[in-house]
Amino acid sequence: MQYRSLGRTGVQVSSLVLGAMNFGRIGNTTQEEASAIVGAALDAGINLIDTADVYSGGQSEEMVGKAIAGRRDDVVLATKATLPMGDERNRRGGSRRWLVTALDNSLRRLGVDHVDLYQMHRWDPTTSDEETLSALTDLQRAGKIRYFGSSTFPAYRIVQAQWTARERHLSRYVTEQPSYSILQRGIETHVLPVTQEYGMGVLAWSPLASGWLSGAIRAGQEITTNRSGFMRQRYDISVPANRAKLEAVEQLATVADEAGLSMIQLALGFVTAHPGVTSAIIGPRTADHLRSQLAAADTVLSTDVLDAIDAIVAPGVDLAPAEKNDTPPALLDPALRRR
């Protein structure tokens, strides 16, 4: 396992992060299975675990908490807030009112007195940066969080938050968690240059592109992954973006074969090769998934392989831009771009 500094914090984290989104109802992973996955990951050298309050309505946090009991000091523990936790309109977002409550709820579910990294799951356009950063700074000073970061923020929002922190003398976001894979390279254009400028750690989610780069999806085969069962639109080959992804996957499979690598090694090795990326988040649903992903822990891609990848998916290009989850609100809601 490789280790890198998490931005400028001085905290050393593994190049692979254990993501716990599949723990609970989302991935049908039981507590026994989750505990086995966590134990195997820690034994393999992974030291950062990432979850969120919204994952299976808090079930993931509860399962992570039970799985790390007795090994808390070995874990850099990260969770997230801001996405809706119920129908009540104030149980979401980046307000002080909600973040104080959300963190207390997360700490209770995790069974800990603090988290090492608390992340804003999405930018909340209805709340000012000063409101959110002020609340997070106070929670940090209270000892409930060690650091805080952002997730899936557009580059301009990352910059704005950094300036707000400086102007208001508040603590700042020290990490960003963006979507990044061979098939989704858009952050290379704006986000990664910004995070590098500000010395932020980058934890890349979906490095296997929601299973497209796992080796389980190939031309001429029925797509039967767990996620394709409840996100059918993202795997429907009649959709142009999905056809483009499949065409790229077939070419990438040839590159992997010629290099003597699995598709997973190719995909994770690509993400962790970027100097602006700290770690890639893996989200195994089973122990077998974890073993296949741990095989990529020490993968270092040659220049020739990286050049071949660039020739298939050009730098800075997203093959499925609609799946990025960082689209400015005005592009999604016509009312926001009309007087």
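Notes on the structure follow. Worth saying up front: this structure is predicted, and the values here are computed from it rather than measured. (Residues numbered from 1 in each chain as written. Predicted model: local features only at pLDDT ≥ 70, side-chain atom pairs only at ≥ 80, totals over all residues. Heavy atoms only, no water.)

Looking now at the overall build of the protein chain. Secondary structure summary: the protein chain contains 11 helices and 10 strands in total. Computed over its C-alpha atoms, the radius of gyration of the protein chain comes to 19 Å, within 12% of the 20 Å expected for a compact globule of 339 residues. Across the protein chain, the fraction of contacts at a sequence separation of at least 24, relative to all contacts at a separation of at least 6, is 77%. For the protein chain, the exposed area adds up to about 14,800 Å²; of that, 49% sits on carbon and sulfur atoms. (Helix = DSSP H or I, 4+ residues; strand = E, 2+ residues; numbered from the N terminus. Rg over C-alpha atoms; globule rule 2.2 N^0.38 Å. Contact = heavy atoms within 4.5 Å. Areas by Shrake-Rupley, 256 points an atom, 1.4 Å probe, with all protein chains shown as cover.)

Attention shifts here to the layout of surface pockets. Of the pockets and cavities examined, the largest pocket occupies roughly 1,100 Å³. Along the walls of the largest pocket sit 41 residues, with Met 21, Asn 22, Ser 210, Arg 227 and Gly 283 positioned nearest its centre. Listing elements by their share of the lining of the largest pocket, those giving two or more residues are strand E10 (279–282) and helix H9 (287–294). Counting residues per element, the lining of the largest pocket draws most heavily on H9, which supplies 3 residues. If you add up the space inside the second largest pocket, you get close to 490 Å³. In this structure, the second largest pocket is lined by 25 residues; those nearest its centre are Leu 83, Arg 122, Trp 123, Asp 124 and Pro 125. Of the residues in the lining of the second largest pocket, the class split is 10 nonpolar, 10 polar and 5 charged. (1 Å grid on protein atoms, 1.4 Å probe; cavity = no way out; pocket = protein on both sides within 12 Å on 5 of 7 lines; lining within 4 Å. Points joined across faces, edges and corners; volume = space filled by probe spheres on them. Nonpolar A, V, L, I, M, F, W, Y, C, P; charged D, E, K, R; others polar.)

On to the nonpolar core. One finds Val 115, Tyr 118, Tyr 173, Leu 183, Trp 212, Leu 213 and Leu 266 to be the most contacted residues of the largest nonpolar core, which totals 88 residues. In this structure Val 115 touches Arg 72, Leu 77, Thr 79, Leu 103, Leu 107, Leu 110, Lys 144, Ile 145 and Arg 146, once residues within four positions along its chain are discounted. Counting residues in each nonpolar core, the second largest holds 10 residues, with Val 17, Val 76, Ala 78 and Trp 205 among its members. (Core = buried A, V, L, I, M, F, W, Y, C linked by side-chain atoms within 4.5 Å. Buried < 20%, exposed > 50% of the residue type's maximum accessible area, 1.4 Å probe, protein only.)

Looking now at the packing of aromatic side chains. For the coordinates displayed, the defined rule picks out 5 aromatic pairs. Ring plane angle 40° and centroid distance 5.6 Å describe the contact between Tyr 180 and Phe 270, whose orientation is recorded as tilted. Of this pair, Tyr 180 sits in the loop between strand E8 (175–177) and helix H6 (191–197) while Phe 270 is found in helix H8 (residues 263–273), placing the two residues 90 residues apart along the sequence. By relative accessible area, which is 1% here, Tyr 180 ends up buried. Looking at Phe 270, the relative accessible area reads 5%, which means it is buried. Measuring from centroid to centroid gives 5.8 Å for Trp 212 and Tyr 235, while their planes differ by 0°, and the two rings are stacked. Residue Trp 212 is located in the loop between strand E9 (201–204) and helix H7 (240–259), and its partner Tyr 235 is located in the loop between E9 and H7; the two are separated by 23 residues in the primary sequence. Assigned by exposure class, Trp 212 and Tyr 235 land together as buried. An aromatic cluster of three or more residues is present, and its members are Phe 148, Phe 153 and Tyr 173. Its guanidinium or amino end placed over the ring of Trp 163, Arg 166 lies 4.9 Å from that ring's centre, counting from NZ or CZ. (Phe/Tyr/Trp six-rings, centres within 6.5 Å; stacked < 30°, edge-to-face > 60°. Lys NZ or Arg CZ within 6 Å of the ring centre and 35° of its normal.)

Before going further, it helps to examine the sheet that holds strand E6 (residues 115–120). With parallel pairing, 8 strands are arranged side by side around a closed barrel as E3-E4-E5-E6-E7-E8-E9-E10. Neighbour-to-neighbour, the strand axes of this sheet turn through a mean angle of 30°, independent of strand direction. Two elements, strand E7 (residues 145–151) and E8, share 2 bridges in a ladder whose sense is parallel. By the bridge assignment for E8, Ser 150 is matched with Glu 176. Of the strands in this sheet, strand E3 (16–19), E9 and E10 are in contact with H8, which crosses E10 at around 145°. (Pairing = 2+ DSSP bridges. Axes fitted to C-alpha atoms, helices over the stretch in contact; angles between N-to-C directions.)

As enumerated under the stated definition, the model contains 3 cavities of 30 Å³ or more in all. Its boundaries defined by the atoms lining it, the largest cavity holds a volume of some 120 Å³. Lining the largest cavity are Ser 179, Ser 181, Gln 184, Trp 205, Ser 206, Ala 209, Ser 210, Trp 212, Arg 234, Tyr 235, Lys 245 and Glu 323. The residue inventory of the lining of the largest cavity, partitioned by class, reads 4 nonpolar, 5 polar and 3 charged.

Next up on the list: the packing of helix H3 (residues 96–110) against helix H4 (residues 129–141). Viewed as axis vectors pointing N to C, H3 and H4 meet at an angle of 35°, and their least axial separation amounts to 9 Å. For the element pair H3 and H4, the recorded crossing hand is right-handed. Contacts between H3 and H4 involve Arg 96, Leu 99, Val 100 and Leu 103 from the former and Glu 131, Thr 132, Ser 134, Ala 135, Leu 136, Asp 138 and Leu 139 from the latter. Of the residues that constitute the contact of H3 with H4, the class distribution is 6 nonpolar, 2 polar and 3 charged. (Left-handed = near helix turned anticlockwise from the far one by under 90°.)

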